[in-house]
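The lines below spell out each chain.
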Amino acid sequence: MKEAKLSLKQHANHRTVVNLSVDVAIGDKSVVVIGGPCTVENQQQIDTIARRLSQAPVHALRGGVYKPRTSPYSFQGLGVEGLEILASARSRYGMPIVTEVMAISQIEAIAQHADMLQVGSRNMQNFDLLKALGEVDKPILLKRGLAATIEEFVMAAEYILAHGNPNVVLCERGIRSFDTYTRNVLDLGAVVALRQLTHLPVIVDPSHAAGKRELIADLARAAIAAGADGLIIECHPEPEKSVSDARQALSIEDMIQLTHSLEPIAAAVGRFLGTQAAVPVAA
Ligand code: PEP
Ligand code: MN
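Residues numbered from 1 in each chain as written. Chains lettered and ligands numbered in written order. Predicted model: local features only at pLDDT ≥ 70, side-chain atom pairs only at ≥ 80, totals over all residues. Heavy atoms only, no water.

- Going by what an unreviewed UniProt entry lists, the chain is known as 3-deoxy-7-phosphoheptulonate synthase and is assigned to Oscillatoriales cyanobacterium SpSt-418.

The structure is reproduced here in structure tokens:
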């Protein structure tokens with residue numbers, strides 16, 4: 001970590017707040033929830049999800065249109081058509097959009113439509129991509145690599161910061177280990193360490209960590225109790241029919257119920273579930 005110059009805290013209260021829109025910010029006292037499907041499948045799917053989540057304490061919409069699939073024969077994403085579907089949901093329901101960028105060639109189109117660009121685990125050390133994202137005027141959600149150390153993760157963020165983009169949010173999404181019962185191992189120790197070491201917001205993705213829908217709500221609550229600044233969670237109107245990551249997709253009902261169950265946990269750690277606009281006025 002010795003070489004990290006820009007991502008480390010300069011003093012105890014040093015924290016960066018990353019704005020996704022005029023009323024959604026990550027890294028302040030609010031707990032931000034990003035929800036949506038693994039993959040954008042069609043207009044109706046996104047419309048249903050955005051309509052229902054926009055009425056819950058869910059602050060941003062996720063959905064992949066360029067998908068890093070293990071098999072080249074699996075669905076690879078809708079590309080630009082998917083970006084247009086997300087953008088139309090944004091204009092209808094007012095939710096900022098988060099979607100993955102896999103290559104430098106995709107940056108321009110994604111930055112035109114999305115409010116935050118996600119770097120997936122498989123690209124955490126794609127240094128040319130990180131450098132290029134340093135020049136983008138949009139926040140970056142950097143997911144921890146499948147087997148990245150905390151130092152490697154911080155140094156990947158450092159690449160984006162060093163190339164000029166100060167708006168980086170870190171995402172712990174589970175790391176590879178020996179146990180195959182869960183898809184990955186959610187490393188909440190890393191969340192605590194990253195919030196002590198760096199001034200960047202840290203969110204948790206319990207979906208890719210657990211890989212099983214029945215484990216997600218408890219892990220989400222544990223993440224908020226451990227100090228995470230937010231969550232990114234996959235859900236689908238018909239979870240079993242999800243074209244990717246079906247086993248970990250929550251139903252929309254379960255997603256909404258989960259978000260409400262976070263409220264007392266957020267309050268217990270001095271936070272609230274919501275946006276700046278919802279900040280209670282001090283008496
Ligand atoms: C995703 O968010 O759908 C995804 C592919 O995540 P990760 O890069 O963490 O595997
Ligand atoms: Mn997924």
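Alright, that's what it looks like, and here's the rest.
Quick notes on the coordination of the manganese ion (ligand 2)
Moving on, step 1. For the manganese ion (ligand 2), the protein coordination sphere consists of C38 (SG), H208 (NE2), E234 (OE) and D245 (OD), at 2.0 to 2.4 Å.
Moving on, step 2. Each donor residue of the manganese ion (ligand 2) lies on the same chain, and together they follow the pattern C-x169-H-x25-E-x10-D. Of this pair, C38 sits in the loop between β3 (30-36) and α1 (43-53) while H208 sits in helix α7 (residues 206-210), and the two are 170 residues apart along the sequence. Just as C38 is buried, H208 falls in that class too. (Donors = N, O, S within 2.8 Å, 3.2 Å for Na, K, Ca; no water. Helix = DSSP H or I, 4+ residues; strand = E, 2+ residues; numbered from the N terminus. Buried < 20%, exposed > 50% of the residue type's maximum accessible area, 1.4 Å probe, protein only.)

With respect to the nonpolar core
Moving on, step 1. L53, L61, L133, L142 and L170 are the most contacted members of the largest nonpolar core, which totals 68 residues.
Moving on, step 2. Per-element tally for this core: the top contributor is helix α5 (residues 150-162), with six residues.
Moving on, step 3. Excluding anything up to four places from it in sequence, L53 contacts G35, G36, V58, M95, C235, I252, M255 and I256. (Core = buried A, V, L, I, M, F, W, Y, C linked by side-chain atoms within 4.5 Å. Contact = heavy atoms within 4.5 Å.)

Quick look at the layout of surface pockets
Moving on, step 1. In this model, the largest pocket occupies a volume close to 280 Å³.
Moving on, step 2. Along its surface, the largest pocket is lined by 20 residues, and P68, R122, R183, H208 and D245 are the ones closest to its centre.
Moving on, step 3. Space inside the second largest pocket adds up to approximately 170 Å³.
Moving on, step 4. T70, R122, L146, R173, R176, S177, D179, T180, T182, R183 and N184 are the residues that line the second largest pocket.
Moving on, step 5. Its residues assigned to classes, the lining of the second largest pocket shows one nonpolar, five polar and five charged. (1 Å grid on protein atoms, 1.4 Å probe; cavity = no way out; pocket = protein on both sides within 12 Å on 5 of 7 lines; lining within 4 Å. Points joined across faces, edges and corners; volume = space filled by probe spheres on them. Nonpolar A, V, L, I, M, F, W, Y, C, P; charged D, E, K, R; others polar.)

Section: the confidence of the model for the chain
Moving on, step 1. Overall, the prediction assigns the chain a mean pLDDT of 95, with 97% of residues at 70 or greater.
Moving on, step 2. Note that residues 276-283 has pLDDT below 50 and, in this model, five contacts with residues that lie over four places away or in other chains. (pLDDT = per-residue confidence, 0-100.)

As for the UniProt feature "domain: DAHP synthetase I/KDSA" (unreviewed entry) in the chain
Moving on, step 1. Mapped onto the present numbering, the UniProt feature "domain: DAHP synthetase I/KDSA" (unreviewed entry) falls on residues 17-262.
Moving on, step 2. With 37% helix and 16% strand, residues 17-262 has end C-alpha atoms that lie 21 Å from one another. (UniProt positions renumbered as here; feature names shortened; annotations may be inferred.)

Topic: empty space enclosed by the protein
Moving on, step 1. Tallied over the entire structure, the rule returns one cavity of 30 Å³ or more.
Moving on, step 2. As for the largest cavity, its lining consists of R62, G63, G64, K67, V98, T99, E100 and Q118.
Moving on, step 3. Element by element, the count of residues in the lining of the largest cavity is highest for strand β5 (residues 97-100), at three residues.
Moving on, step 4. Broken down by class, the residue content of the lining of the largest cavity amounts to one nonpolar, four polar and three charged.

A look at the environment of A60
Moving on, step 1. The residue A60 is located in strand β4 (residues 60-62) in this model.
Moving on, step 2. You can call A60 buried: its relative accessible area is 0%.
Moving on, step 3. Sequence spacing of A60 and V33 is 27 residues, and the spatial spacing of their C-alpha atoms is 6.7 Å.
Moving on, step 4. With residues near it in sequence (within four places) discarded, A60 still touches L20, V33, I34, G35, M95, P96 and V98.

Some words on the packing of α1 against helix α2 (residues 80-93)
Moving on, step 1. Where α1 meets α2, the axes come as close as 10 Å, and the angle between the chain directions of the two elements is 30 degrees. In terms of axis orientation, α1 runs roughly parallel to α2. Like other packed secondary-structure pairs, α1 and α2 cross with a definite hand, here right-handed. Contacts from Q43, I46, D47, A50 and R51 in α1 reach I85, L86, S88, A89, R92 and Y93 in α2.
Moving on, step 2. Here the residues of the contact of α1 with α2 sort into six nonpolar, two polar and three charged. (Axes fitted to C-alpha atoms, helices over the stretch in contact; angles between N-to-C directions. Parallel < 35°, antiparallel > 145°, perpendicular 65-115°, else oblique. Left-handed = near helix turned anticlockwise from the far one by under 90°.)

Regarding the environment of I265
Moving on, step 1. As for its position among the elements, I265 is in helix α10 (residues 263-268).
Moving on, step 2. Sequence spacing of I265 and H163 is 102 residues, and the spatial spacing of their C-alpha atoms is 37 Å.

Re the site of ligand 1
Moving on, step 1. For ligand 1, the set of nearby residues contains 13 residues, the closest of which are R62, S121, R122, K143 and R173.
Moving on, step 2. S121 has a polar backbone atom sitting 2.8 Å from an oxygen atom of ligand 1.
Moving on, step 3. For ligand 1, an oxygen atom lies 2.9 Å from a polar atom in the side chain of R122.
Moving on, step 4. Calculation on ligand 1 without its partners gives an accessible area of 300 Å², and the protein chains cover 97% of this total.
Moving on, step 5. Of all the cavities here, the one that holds ligand 1 is the largest pocket.
Moving on, step 6. Looking at the shell around ligand 1 residue by residue, the classes come out as two nonpolar, four polar and seven charged. (Near = heavy atom within 4 Å. Polar contact = N/O pair within 3.5 Å; in protein donor to acceptor, adjacent residues only side chain to side chain. Areas by Shrake-Rupley, 256 points an atom, 1.4 Å probe, with all protein chains shown as cover. Sits in = over half its atoms within 2 Å of the grid points.)

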